[in-house]
2 protein chains.
Amino acid sequence: MDYKEGRARIIDAWGQLGTNWGISRTMAQIHALLMLAPEPMTTDDIIAELQISRGNVSMSLRSLIDWGIVRKVYKPGQRKELYESEKDVWELATQVAKERRRRELDPIIRVLEDVQGIEDNTVMKSKVTEMNKMTKQLLKFSKQSDKLLSLFIKSEENWFFGKVLKLLK
Amino acid sequence: MDYKEGRARIIDAWGQLGTNWGISRTMAQIHALLMLAPEPMTTDDIIAELQISRGNVSMSLRSLIDWGIVRKVYKPGQRKELYESEKDVWELATQVAKERRRRELDPIIRVLEDVQGIEDNTVMKSKVTEMNKMTKQLLKFSKQSDKLLSLFIKSEENWFFGKVLKLLK
DNA sequence: TATAAATTTCAATAAATATTGAAAATTAGA
DNA sequence: TCTAATTTTCAATATTTATTGAAATTTATA
């Protein structure tokens, strides 16, 4: 397998992974492209490589910047803006974890807290009891995951995997 | 907030969460409904509660069963099939983790292994070098995550969170 | 500041995904 | 086995999501 083919396979797999995680294929592909590139790229480079429209590239880059995993860089004597991906995989992962926590885990915890201990006489008691039982469990699990995530986000790669994987033994 | 409103909020939030994770809203909502129900439900119950078509319910239930988080149960004297969700949140989480590992992490690891150490003289050397550097990092991280996941999947809730969260101190 | 290059926005459109509903298949009980 | 209840399938349709492309805006520099 040569460079071109290898790169295409990764971009493809990354795009697939993206859609499984609720991220548009194109956005994930642009990310893969930047991640593998030795130098920051311009919008036109990306358009040429992936054969997609300027508007799409502009919007996808904005999203990637909002996720905190791509940044603009400026090169003296170059009018066009350049984009580069975070290259450190640990940084990438913790940044994505941080964002997903904020966007998904925090909101669901808020909902679960709001519905704790509902009382209601208008319906069968067993329904209320069962719902309370489940939401209590879900909230407990969510909060524990939240703690685990904050540990993950703050820690350093070797320390985290080192410590956690030692538990395997 | 009464039972009905609370339940609606959870079903809604679960549906939202689903779409963020590449799962159809309806499928996640059916799961939430079953999770909160004190008794197994029939297809008709679900149709009535969520106001969706029979075909949709049939297909979504099949998917949930494929994920391993919903099962059919049979009740004597009842012709219709009944469905119930896994109720133990830890079981739910580890089952989802197991499936996602199989469906997503395993395939990406295979791709990353396939592209390790590509050599190519037809393009700028720096591109090949950079890609190799990234895919090596990505593979290492993926394998470590795989180990962590297998620890998570095999362990018991209190043990896992107990051990891991002790690292916070 | 004027101009042209570059970027962003967003309505229109395309593509992907989810949903319906009725026909086909399956199943349990008579 | 036959029949009616139940479930599944899948082509048609609807909905959602992604993408385009050209106009509007912004930006760098002459």
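All of these numbers come straight from a predicted model, not from anything done at the bench.

S.K.: Before we move on, can you summarise the overall build of chain A with the specific residues and values?
M.R.: In terms of regular secondary structure, chain A is built from seven helices and three strands. Shown N-terminal to C-terminal, the secondary structure of chain A runs as helices and strands in the order α-α-β-α-α-β-β-α-α-α. Against the globule reference of 15 Å for 169 residues, chain A gives a C-alpha radius of gyration of 22 Å, more extended than a compact globule. Summarising its shape, the C-alpha atoms of chain A cover approximately 70 × 45 × 35 Å along the three principal directions.

S.K.: I'd like a rundown of the packing of aromatic side chains, residues and numbers included.
M.R.: Tallied over the full model, the rule gives 15 aromatic pairs over all chains. Ring centres of Trp21(A) and Trp21(B) lie 4.9 Å apart, and the angle between their planes is 40°; on these two criteria the pair is classed as tilted. Here Trp21(A) is found in the loop between helix H1 (3-20) and helix H2 (25-36), whereas its partner Trp21(B) is found in the loop between helix H1 (3-20) and helix H2 (25-36) on a different chain. For Trp21(A), a relative accessible area of 26% translates into the label partly exposed. Between Phe152(B) and Phe160(B), the ring centres sit 5.2 Å apart and the planes meet at 65°, which makes this aromatic pair edge-to-face. Overall, the relative accessible area of 13% leaves Phe152(B) in the buried class. These aromatic residues form a ring-pair network of at least three members: Trp90(A), Phe152(A), Phe160(A), Phe161(A) and Phe141(B). Positioned above the aromatic ring of Trp21(A) is the side chain of Arg100(B), whose terminal nitrogen or guanidinium carbon lies 5.0 Å from the ring centre.

S.K.: Residues and numbers for the protein's contact with DNA strand C, please.
M.R.: Near DNA strand C there are 18 residues, and of these Arg62(A), Glu81(A), Thr26(B), Ser53(B) and Arg79(B) occur at the shortest range. Taken together, the sugar and phosphate atoms account for 64% of what DNA strand C places within 4 Å of the protein. Within the side chain of Asn56(B), a nitrogen or oxygen atom sits 3.2 Å from a phosphate oxygen of DNA strand C. Across the surface near DNA strand C, the residue classes tally to four nonpolar, seven polar and seven charged.

S.K.: Could you give me a rundown of the relation of the copies chain A and chain B, with the residues and numbers involved?
M.R.: When chain A is fitted onto chain B, the two copies agree to an RMSD of 0.0 Å after a turn of 180° and an axial shift of 0.0 Å. The two molecules are tied by a two-fold rotation axis, judged by turn and shift. Counting the interface residues of chain A, we find that 100% of their copies in chain B are interface residues as well, pointing to one common contact surface.

S.K.: Lay out the interface of chain A and chain B in plain terms, naming residues and giving numbers.
M.R.: In this assembly, 59 residues from chain A lie in contact with 59 residues from chain B. If you sort the residues of chain A by the area they bury against chain B, Tyr3(A), Phe141(A) and Leu167(A) come out on top, with a joint share of 12%. Along the contact surface separating chain A from chain B lie four salt bridges. Note that Asp114(A) is salt-bridged to Arg9(B), the shortest N-O span being 2.9 Å. The interface formed by chain A and chain B includes 15 residue pairs in polar contact (both at pLDDT 80 or more). Taken together, the residues that form the side of chain A that touches chain B break down as 33 nonpolar, ten polar and 16 charged.

S.K.: Describe the domain arrangement of chain A, listing the residues and the values that go with them.
M.R.: Residues and elements named next belong to chain A. Splitting chain A by domain gives domain 1 (3-85) and domain 2 (89-166). If you average the C-alpha positions of domain 1 and of domain 2, the two centres end up 31 Å apart. Contacts between the two partners involve eight residues from domain 1, matched on the other side by six residues from domain 2. In this assembly, domain 1 packs against domain 2 so that about 680 Å² is buried in total across both faces, 66% of it on carbon and sulfur atoms. Its largest share of buried area at the contact with domain 2, domain 1 owes to Trp 21, Trp 67 and Ile 69, together 72% of the area lost on that side. Applying the counting rule to domain 1 against domain 2 returns zero salt bridges. Linking domain 1 to domain 2 there are two residue pairs in polar contact (both at pLDDT 80 or more). In terms of residue class, the side of domain 1 that touches domain 2 is made up of five nonpolar, two polar and one charged.

S.K.: A description of the layout of surface pockets should follow, citing residues and the corresponding values.
M.R.: In this structure, the largest pocket spans a volume of roughly 290 Å³. Lining the largest pocket are 15 residues, with Ala37(B), Glu39(B), Pro40(B), Met41(B) and Asp45(B) sitting closest to its centre. Each residue belonging to the lining of the largest pocket can be placed in one class, and the counts come to nine nonpolar, no polar and six charged. Those elements that place two or more of their residues in the lining of the second largest pocket are H1 and helix H3 (43-50) of chain A together with helix H6 (125-154) of chain B. Its residues placed into classes, the lining of the second largest pocket shows six nonpolar, one polar and five charged.

S.K.: Can you break down the protein's contact with DNA strand D residue by residue, with the values?
M.R.: Thr26(A), Ser53(A), Arg62(B), Arg79(B) and Glu81(B) are the nearest of the 18 residues found near DNA strand D. In DNA strand D, the atoms that sit within 4 Å of the protein are 61% sugar and phosphate, with bases accounting for the remainder. Here a phosphate oxygen of DNA strand D sits 2.3 Å away from a polar atom, N or O, in the side chain of Arg62(B). The element best represented in the surface near DNA strand D is helix H4 (residues 54-66) of chain B, accounting for five residues. The residue inventory of the surface near DNA strand D, partitioned by class, reads four nonpolar, seven polar and seven charged.

Analysis parameters
Residues numbered from 1 in each chain as written. Chains lettered and ligands numbered in written order. Predicted model: local features only at pLDDT ≥ 70, side-chain atom pairs only at ≥ 80, totals over all residues. Heavy atoms only, no water. Helix = DSSP H or I, 4+ residues; strand = E, 2+ residues; numbered from the N terminus. Rg over C-alpha atoms; globule rule 2.2 N^0.38 Å. Phe/Tyr/Trp six-rings, centres within 6.5 Å; stacked < 30°, edge-to-face > 60°. Buried < 20%, exposed > 50% of the residue type's maximum accessible area, 1.4 Å probe, protein only. Lys NZ or Arg CZ within 6 Å of the ring centre and 35° of its normal. Near = heavy atom within 4 Å. Polar contact = N/O pair within 3.5 Å; in protein donor to acceptor, adjacent residues only side chain to side chain. Nonpolar A, V, L, I, M, F, W, Y, C, P; charged D, E, K, R; others polar. Least-squares fit on C-alpha atoms with pLDDT ≥ 70 in both. Contact = heavy atoms within 4.5 Å. Buried area = accessible area lost by both parts, 1.4 Å probe. Salt bridge = Lys/Arg side-chain N within 4 Å of Asp/Glu carboxyl O. Domains from an automatic or database assignment. 1 Å grid on protein atoms, 1.4 Å probe; cavity = no way out; pocket = protein on both sides within 12 Å on 5 of 7 lines; lining within 4 Å. Points joined across faces, edges and corners; volume = space filled by probe spheres on them.

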